[in-house]
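These are the residues of each chain, in order.
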Amino acid sequence: MAQAAIELIGINKSFGAVRANRDINLEVARGTIHGIVGENGAGKSTLMSILYGFYQADSGEIRVGGKPVSIHTSNDAIALGIGMVHQHFMLVDNFTVLENVILGAENDALLKSSIAKARSELDRLEREYGLEVDPDALIEELPVGLQQRVEILKALYRGAEILILDEPTGVLTPAEADHLFRILKQLKDQGKTIVLITHKLREIMAITDTVSVMRQGTMVATRTTKETTVGELAELMVGRRVLLRVEKGESEAGAIKLSVKNLTVKDSRGVTMVDDVSFDVRGGEIVGIAGVAGNGQSELLEAISGIRHAVSGEVTLDGKPIDLTGKADPGELRDRGLAHVPEDRHHVGLVLAFEENENSILGYHDDERYLKGPFLDVDAIMADAKDKIEKYDIRPGNPRLKTANFSGGNQQKIVLAREMEQDPGVLIVGQPTRGVDVGAIEFIHKRLIAMRDQGKAVLVVSVELDEIRSLSDRILVMFAGRVVGERGPEATEGELGLLMAGVEHQEAAE
Amino acid sequence: MSTPYAKLPAWADYGLIPLINLSVAFIVAGLVVVLVGENPFRAAVILVEGAFGKGTGIAFTLFYATTFIFTGLSVAVAAHCSLFNIGTEGQAYIGGLGIALVCLSLDSTLPWWLLFPLAIVASAAFGALWGFIPAYLQAKRGSHIVITTIMFNFIAASTMVYLLVGLLKPLGSQAPQTRNFVGGAELPKLNWVIELFGAKIRSAPLNICFLLALVMAFLVWLLIWRTRLGYEMRTYGHSPKAARYAGISETRIVLTAMMISGALAGMMALNPVMGDQHNVAIDFVSGAGYVGIAVALMGRLHPVGIVLAAILFGMLYQGGAELSFEMPSITRDMIVIIQGLVILFAGALEHMFRPYIQAIFASFSPKSVGIEAIKGKGA
Ligand SMILES: Nc1ncnc2c1ncn2[C@@H]1O[C@H](COP(=O)(O)OP(=O)(O)OP(=O)(O)O)[C@@H](O)[C@H]1O
Ligand SMILES: [Mg+2]
């Protein structure tokens, strides 16, 4: 094996009673791409945060380039040539790319020489690694894929030899993800070392040289990627065999529960995002909406759930119209049996600063079950939260824990538990498994199918084609705000991919 | 989850950091004292003794604290709904108008225990009204509440001047204030409580409004953390998007929060007006609304913290008055400077020392080390 770029030896880290990392050993060879996989809450982010100086390990040793080091702050890590790209970007939105890159690395008061130096350095990095971005563009005007590139540039500008990426593709479109992987390969060819955390086992197979699996705070295995399979990795992660594609019986579609006719929605800038869309969802079926992110799916969900006003169209719930253009009130729709798992769980579906039990009633907080007159019935809320924690295996099972301290998959389970346990007639779900591990995906998919089998109408929007294909009884493809095709679950990936790219649509238009 | 930050133990967060901030404020204030040629240690002793040394001092300290508890709670309630209410000053002033109307018409007919509840309702209602208008403008017209509440402070001040030199002033009087209230408008003092502990009190304005303030602190805690309304306010305060998703009406929640905030501000006027002055005079609020912002921030928007911070500021007021009396070269203005320093370090620069303290904690906690850190060159 080539010389190790990083060695972690016997790392331990606890948060109160939670042992996030126990006796972790990890060795990453220089000039390789090393993947880390594991369930939500397995301790992947914690381990990398220790390496990057965000957390201090309770015990253990870190070696960089063979030498023992102590890393107290991220500045220590940067000085050691370690860079990190976080899942949630740490960029200043109203700064330009260039300003973001030099932020924290400025070394003259008027920034004149810093800027000049940064400009030529950026130029070099761009040429060397194919990391093209306009240095004078404002961050807020860049798509996420490019923002992520800026994060990578920032790390390289600070001389990173070791680059850690925590779930970098969660927010990317497939094309953007491909581009990212080309960049990573190029970095590797230049001798950089890369650690990649991801839930997408396909990505692991496609790009890494070696892969480690974590489970409940321990490191359970390290494999050479070529010698392992997706099935083996999934099994190692969860500790049992995992169904990568959940089995489901034939659907028995009943009466129309949700009907959408000629719906048109504009965004805040007045751009038409949903353009004359019509479809029905019947009880007992799952309708999936596929499409590349940003083709109007989000606005569609928001309009149906009453969060966003529509321009025109008609939506009926159980045959009765929903007031779309006037005062659509999500609370009222909830009372009428429409539950909504929003795409953006961090800002919409949850209040991260709340305790878990407080989030488990969000939107249902005016339900008598949780109230005693004007007061919250704390005991009832707590009992209810504990109940859901048990049913949905939410970990750690502490309803008093701040929601921000749950891992992504468990946060998603909190939202799902809340919405599904209300026993709604219609469930609409945006990105059901974004950032969620394979075990939890299996769990969530099984629950959605169980809802369907109980005769509920389920509408799922996802940018993951695999997910859409394995869940849906009918698939609608959205492109540029329109539904450009409907297919059965047997549709091939290629066929759907073409529809998603708008190919057939354009040909038809010509 | 993927963006963790180093955390401090709770005792450091709520005890150590405020203590360090305060100490720095006092050190800098001490330097100011040195600059005017006085002994800072003696000054500190006078200040603390003035505030807590004698019964009278304690009574004055708590009297001022009462005022700040009301304004601090007012700011905090709005802040939990992510509304920055700078209008506490004006809302308190207008609250005084409500009290004046009640007292002027009924003070000779009703006993205090009937007049007081009426005055509470009037002050709260007038304060709430003064909070309602900016809230309405924000919710319906998008006018920013920080701007409008500041403007409403000016409007309140002008209105009160107009009324106090005209309608509300007794004929023939030269002073811009109402006539003195009599009988029922004089609230019972609480000085005897302090005297129970053996201290002597000459005359001090501490009155039952202090108890009312403590009750309101408890009610605010109940409101914020135990009621449906408080839940909705906090949801909106943390994430307006989540509130929209949860079916919480933005208009309703903004209006309600600001009216409660205004009502608390208005009730502040009870303390100086009915407990001490027995009239409504020009500028009787004299900045207590703004101090409320510092009190709320320092108290971390929690009623217990607010009560403690209010007592601290009460101490600065009372001890400061004593200090400028004992050390003539330290003027009233210098006391204001010292108060300003406390606000600066404890409120505005609250996070200044946090990174260093975190670093110190990090280096004490068992760590991820072999030997020395290799700084400088990359591996
Ligand atoms: N600041 C914190 N306070 C308390 N518990 C924490 C904190 N940060 C993480 N944890 C807990 O430590 C465990 C490991 O979390 P970590 O974020 O490392 O998981 P992960 O493997 O990155 O999960 P995911 O795939 O969902 O991102 C979880 O149980 C989490 O709840
Ligand atoms: Mg993570």
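Residues numbered from 1 in each chain as written. Chains lettered and ligands numbered in written order. Predicted model: local features only at pLDDT ≥ 70, side-chain atom pairs only at ≥ 80, totals over all residues. Heavy atoms only, no water.

Put simply, the rule reads: UniProt positions are given in the numbering used here, feature names are shortened, and annotations may be inferred rather than shown by experiment.
Named according to an unreviewed UniProt entry, chain B is ABC transporter permease originating from Mesorhizobium hawassense. The Subcellular location (unreviewed entry) comment attached to chain B in UniProt states, word for word, "Cell membrane".

Per an unreviewed UniProt entry, chain A carries the name Heme ABC transporter ATP-binding protein and comes from Mesorhizobium hawassense. Listed in UniProt under the heading Sequence similarities (unreviewed entry), the comment for chain A reads: "Belongs to the ABC transporter superfamily." Its UniProt record gives chain A a comment under Subcellular location (unreviewed entry), which states: "Cell membrane".

**Points about the site of ligand 1**
In plain terms, the rule: Nearness is defined per residue: one heavy atom within 4 Å of the molecule or strand is enough. Counted as a polar contact is a pair of N or O atoms within 3.5 Å, where, for protein atoms, one must be capable of donating a hydrogen and the other of accepting one, and residues adjacent in sequence contribute only when both atoms are in side chains.
Neighbouring residues of ligand 1: 20 residues in total, closest Gly41, Lys44, Ser45, Thr46 and Asn405 of chain A. Lying at an intersection of chains, ligand 1 is approached by residues of chains A and B. In the model, an oxygen atom of ligand 1 is placed 3.4 Å from a nitrogen or oxygen of the Ser407 of chain A side chain. In the environment of ligand 1, an oxygen atom lies 3.1 Å from a nitrogen or oxygen atom belonging to the backbone of Gly408 of chain A.

**Focus on the pairing of strand β4 (residues 59–64) of chain A**
Successive residues of a regular strand alternate their side chains across the two faces of the sheet. Residues and elements named next belong to chain A. Heads up, the condition is: Strand pairing follows a simple DSSP-based rule, namely that at least 2 bridges must link the two strands. Where helices and strands are cited, they refer to DSSP runs of H or I of at least four residues and of E of at least two residues respectively, numbered from the N terminus.
As defined by bridge partners, strand β1 (residues 4–15) adjoins β4 across 5 bridges and the pair is classed as antiparallel. Residue pairing in the sheet places Ile9 in a bridge with Glu61 of β4. Sheet analysis places β4 next to strand β5 (residues 67–69), joined by 3 bridges and oriented antiparallel. By the bridge assignment, Arg63 is partnered in β5 with Pro68. Remark: 2 residues form the turn of the hairpin made by β4 and β5, two consecutive strands paired antiparallel; Gly65 in that turn has positive phi of roughly 60 degrees.

**Quick look at the pairing of strand β14 (residues 312–317) of chain A**
Residue and element names in this part refer to chain A. Sheet topology places strand β11 (residues 256–266) next to β14; 5 bridges connect them, and they run antiparallel. Residue pairing for β14: Lys261 is matched across the bridge by Glu314. The pairing of β14 with strand β15 (residues 320–322) spans 3 bridges and is antiparallel. Looking at β15, one finds that Leu317 is bridged to Lys320. Counting the residues that bridge the hairpin from β14 to β15 gives 2 residues, and of these Asp318 lies at a positive phi of roughly 50 degrees.

**What about the sheet that holds β1 of chain A?**
All names here are of chain A. Spelled out, the test is: Angles here are taken between N-to-C directions and fall from 0 to 180 degrees, while the axes themselves are lines fitted to C-alpha atoms, restricted in helices to the stretch in contact.
The strand order β2-β1-β4-β5 describes an open sheet built from 4 strands, whose pairing is antiparallel. Lying at the two open borders of the sheet, with one neighbouring strand each, are β2 (18–29) and β5. Within the sheet, the average angular offset between the axes of one strand and its neighbour, ignoring direction, is 25 degrees. Bridge count between β1 and β2: 8 bridges; the pairing is antiparallel. Looking at β2, one finds that Glu7 is bridged to Glu27.

**Some thoughts on the packing of aromatic side chains**
Heads up, the rule is: Within 6.5 Å between ring centres, the rings of Phe, Tyr and Trp (the latter by its six-membered ring) count as paired, and their orientation is classed by plane angle as stacked under 30 degrees, edge-to-face over 60, tilted in between. Buried means the residue's accessible area, taken with a 1.4 Å probe over protein chains only, is under 20% of the maximum for its type, while exposed means over 50%, and partly exposed covers the values in between. By definition here, charges over rings are those cases where NZ of Lys or CZ of Arg is within 6 Å of the ring centre and within 35 degrees of the ring normal.
For the coordinates displayed, the defined rule picks out 13 aromatic pairs over all chains. With a centroid separation of 5.8 Å and an interplanar angle of 75 degrees, the aromatic rings of Tyr392 of chain A and Phe443 of chain A are classed as edge-to-face. Of this pair, Tyr392 of chain A sits in the loop between α13 (378–391) and α14 (408–420) while Phe443 of chain A sits in helix α15 (residues 438–453), and the two are 51 residues apart along the sequence. A residue is classified by how much of its surface remains accessible, and Tyr392 of chain A, at 2% relative accessible area, is buried. A relative accessible area of 22% places Phe443 of chain A in the partly exposed class. An aromatic cluster is present here, built from Phe60, Phe63, Tyr64, Phe68 and Tyr317 of chain B joined pairwise through their rings. Here the basic side chain of Arg334 of chain A rests over the ring of Tyr364 of chain A, its NZ or CZ set 5.4 Å away from the ring centre. Over the aromatic face of Tyr245 of chain B sits the side chain of Arg334 of chain A, whose NZ or CZ is 4.7 Å from the ring centroid.

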